[in-house]
Amino acid sequence: MKFKLPNPGLEDRIPSHERLEILEKEEVDDRPKWDNKTQYMLTCVGFCVGLGNVWRFPYLCQKYGGGAFMIPFLILLVVQGIPLLHMEFAIGQRLRKGSVGVWNGIHPYLGGVGIASMCVSFLVSLYYNTIIAWVMWYFFNSFQDPLPWSHCPLNDNRTGYVEECAKSSPVDYFWYRSTLNSSTSIDDSGSIQWWLLLCLVCAWAVLYVCCIRGIETTGKAVYVTSTLPYVVLTIFLIRGLTLKGSVNGIVFLFTPDIAELSNPDTWLNAGAQVFYSFSLAFGGLISFSSYNSVHNHCEQDAVTISVINGITSVYAATVIYSIIGFRATERYDDCNDRNILSLMNTFDLPERNITADNYDKVLENLNLTYPEVIKNLNLETCNLDAFLSEGVEGTGLAFIVFTEAITKMPISPLWSILFFIMLFCLGLSSMFGNIEGVLVPLQDLKVFPKSWPKEALTGMICLVSFLIALIFVQASGNYWLALFDEFAGSIPLLIIGFCEMVGVVYIYGIDRFNDDIEFMIGHKPNIFWQATWRVISPLVMFVILLFYFVTKVNKELFYIAWNPDYVNFPILERLPFPNWIYAIIFILAGVPSLVIPGTFLFKFIRNRCRKQNDLQPLQTVASAVSINGLSN
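Counting restarts for each chain: residues are numbered from 1 in the order of the written sequence. Per-residue local features of the predicted model are confined to residues with pLDDT of at least 70, and side-chain atom pairs are confined, for both listing and counting, to 80 or more; whole-chain, interface and lining totals are unaffected and use all residues. As a rule here, side-chain values come from all non-hydrogen atoms in the structure, and water together with hydrogens is ignored.

Caption draft 1: Molecular detail of the overall build of the protein. Only DSSP runs of H or I with at least four residues qualify as helices, and only runs of E with at least two residues qualify as strands; both kinds are numbered from the N terminus onward. Helices and strands together make up the secondary structure of the protein, namely 26 helices and two strands. Over its C-alpha atoms the protein spans a radius of gyration of 29 Å, differing by no more than 12% from the 26 Å that the globule rule assigns to 632 residues. Once the C-alpha set of the protein is aligned to its principal axes, its extents read approximately 125 × 50 × 45 Å. Relative accessibility thresholds used throughout: buried, under 20% of the residue-type maximum; exposed, over 50%; partly exposed, between the two (1.4 Å probe, protein chains only). Evaluated residue by residue, the protein yields a buried proportion of 54% over its 632 residues. Considering only contacts within the protein whose residues lie at least 6 apart along the sequence, 82% involve residues at least 24 apart. Computed by Shrake-Rupley with a 1.4 Å probe, the accessible areas treat only the displayed protein chains as cover when residues are assessed. When the accessible surface of the protein is split by element, carbon and sulfur atoms take 62% of a total near 27900 Å². Charge assignment: positive for Lys and Arg, negative for Asp and Glu; neither His nor the chain ends contribute. Here the site of a charge means NZ on Lys, CZ on Arg, CG on Asp, or CD on Glu. Between the centroid of the 41 positive side chains of the protein and the centroid of its 53 negative side chains there is a distance of 9 Å. Only C-alpha atoms enter the radius of gyration, while the globule expectation follows 2.2 Å times N to the 0.38, with N the number of residues. Note on contacts: a residue pair qualifies if any of its non-hydrogen atoms lie within 4.5 Å across the two residues.

Here's what the structure looks like:
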């Protein structure tokens, strides 16, 4: 027995196969088209492969057992990521519309799914392009030798270093004070930082120029933005492998802690990372696929991009940890050198009497002979694994950990320029998809007059986004960005993805969908696609969503702040969010999620009211006829 919900009027809302053939042959469709297949594939790869592959995936590997995290990630990539990616490609190509148009076509009550995708794309675009602005600021500062974050600035009297920098480190000071000029809490907004404001203007201006005519311009830009990061990653891997300690980082990354496989958080974060790394449920992939030929092999595209994405995540993590291994080894050696110097000065030993090779043995002998003296020295604990295990989450990886490692390399400005060019390209190519995920739904909803040119629509979106994004260039901007990153692209994406899968399988109809795919690529989907679409993928997404609510909803929310007056400074201060911030969290996570049932209820009530209004004249006529009949 097959379960399928009633869907009256579907045939009238979607073009038939015959109609699609006519549109394909006569090219009467007004939708733009890709110049070639390479352009389309590079655009999708650029959208899917973003900053999250470079900093979020390596951090999750480090946090959840190294190679052990890759096991659930690869499993969920197969049973969750690839099926939903194929579905988005296929449904966009079949219905030839953006996200709102596709879901309105499947069923008018599902239009909220497309609107929710548009909301998430818009919210993510706000902070994502701010990260690109930060990248541009570091890029501009990379044309100096030495790099400005390689040393502390002098104080006003020029008698020593600035106290805040001396207490922390040059890279921390440059990030939190010179770049962000961070306030001590999210309540203290501070003023707008003019240098970041200029970079934000540049970031939105570059994006506007690249997106000015939709895929006609972004399709050209991706030849650079989607390929250059792989070139730079390869250069960094070659350079990293020549650095001392790089292998330590790679071994640390791939050493699995099998016990983490029994941790529900490991699977939860692996499932969420699949959504982030594939850019699923944003609506951009549906729009991109709608510009294809109706007979494009969407199944092959989905598998190819999935393989590229998975390999890129592992490849980028390998590159990142080769550099982190070098940084950790440098810090380990510096720690040992300080201890050696302390021992040599205390016991008046000749130079080179203690080396890194014999340090442990000499320390053991001295400790047996002079235990009280050694105890009073308060020697540092130097542990390589501890340095490797230091958290490297999110922006901290790019702007603190990696920049510190770069300062220790010869010709450091060159490596800094290359690194931030790579981040710029990764961010920009992902922004193409986010803007597409906002622009096309607005056109489908007819928010703007149809006479408006695409240049004006794109400009309006970029201008409004820029004005809202000013919140991120205040002194509290870093805390706001972390808030957006945590909530704007989490629960809403899981809910949208679940609704997409259920909508196609049980409302559009899996049999109809199978016939559509056979029409487009020449054969029906095999048993793998059938099993994942019908049961496995919806079930996996539902379980992840359930666990997310259970683990996150009742959890007290904190954020970390840079506070030079904190007693444990330079450790970041952990602060609870103020009560008013929960209203912002509801806007970020709740509104996009509630758009789906809200749109359903609005259209349902509107249709019921219309039916009642349509029945009233009929009832009046029927009453008049009956009265006339009685009078006769």
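Caption draft 2: Focus on the pattern of salt bridges. Definition used for salt bridges: Asp or Glu carboxyl oxygen within 4 Å of a side-chain nitrogen of Lys or Arg. Enumeration according to the criterion identifies eleven salt bridges in this entry. The closest approach of N and O atoms between Glu11 and Arg512, which form a salt bridge, is 2.9 Å. Placement of Glu11 in helix α1 (residues 10-13) and of Arg512 in helix α24 (residues 491-521) is noted, with a sequence separation of 501 residues between them. For Glu11, a relative accessible area of 53% gives the class exposed. Here Arg512 falls in the partly exposed class, since its relative accessible area comes to 25%.

Caption draft 3: Fine view of the nonpolar core. Here, nonpolar core refers to any group of buried Ala, Val, Leu, Ile, Met, Phe, Trp, Tyr and Cys residues whose side-chain atoms link them within 4.5 Å. In this structure, Ile106, Leu423 and Phe513 are the most contacted members of the largest nonpolar core, which totals 188 residues. When residues in this core are grouped by element, the largest group, 18 residues, is from helix α7 (residues 111-141). Leaving out residues up to four positions away in the same chain, Ile106 has contacts with Asn7, Leu10, Arg13, Ile91, Leu95, Gly503, Val504, Ile507 and Tyr508. Residues Ile340, Met344, Ile354 and Leu366 belong to the second largest nonpolar core, which totals ten residues.

Caption draft 4: Geometry of the state of the cysteines. Disulfides are defined as cysteine sulfur pairs within 2.5 Å. Counted by the stated rule, this structure contains two disulfides. Two residues, Cys152 and Cys165, share a disulfide whose sulfurs are 1.9 Å apart. Sign of the S-S torsion, about -80 degrees for the bond between Cys152 and Cys165, identifies this disulfide as left-handed. With Cys152 in the loop between α7 and α8 (163-167) and Cys165 in helix α8, the pair connects residues that are 13 residues apart, well separated along the chain. A relative accessible area of 12% means that Cys152 is categorised as buried. Exposure remark for Cys165: the relative accessible area of 1% places this residue in the buried category. Each sulfur in the disulfide pair Cys335 and Cys382 lies 1.9 Å from the other. Its S-S torsion of about -80 degrees marks the bond between Cys335 and Cys382 as left-handed, since a negative value means left-handed. Highlighted residues: Cys335 in helix α16 (residues 298-347) and Cys382 in the loop between α18 (371-377) and α19 (384-389), separated in sequence by 47 residues. Residue Cys335 shares its accessibility class with Cys382, and that shared class is buried. Of note for the protein: the bonded cysteines, numbered N- to C-terminal, pair according to 1-2, 3-4. Considering cysteine sulfurs only, Cys499 is the nearest to Cys119, which forms no disulfide, with 14 Å between them.

Caption draft 5: Main features of the packing of aromatic side chains. Side-chain rings of Phe, Tyr and Trp (the six-membered ring for Trp) are treated as a pair once their centres are within 6.5 Å; stacked means planes under 30 degrees apart, edge-to-face means over 60, and tilted covers the remaining angles. For the structure shown, the criterion picks out 46 aromatic pairs. Judged by centre distance (4.1 Å) and plane angle (10 degrees), the ring pair of Phe402 and Phe419 falls under stacked. Remark: Phe419 occurs in helix α21 (residues 412-444) and Phe402 occurs in helix α20 (residues 395-407); sequence separation between them is 17 residues. Phe419 carries the same exposure label as Phe402, and that label is buried. It is Arg512 that lies over the ring of Tyr508; its NZ or CZ is 5.8 Å from the centre. As a reminder, the over-ring test applies to NZ of lysine and CZ of arginine, requiring each to be within 6 Å of the ring centre and within 35 degrees of the ring normal. When the ring centre of Phe558 is taken as origin, the NZ or CZ atom of Arg574, which lies over that ring, is 4.0 Å away.

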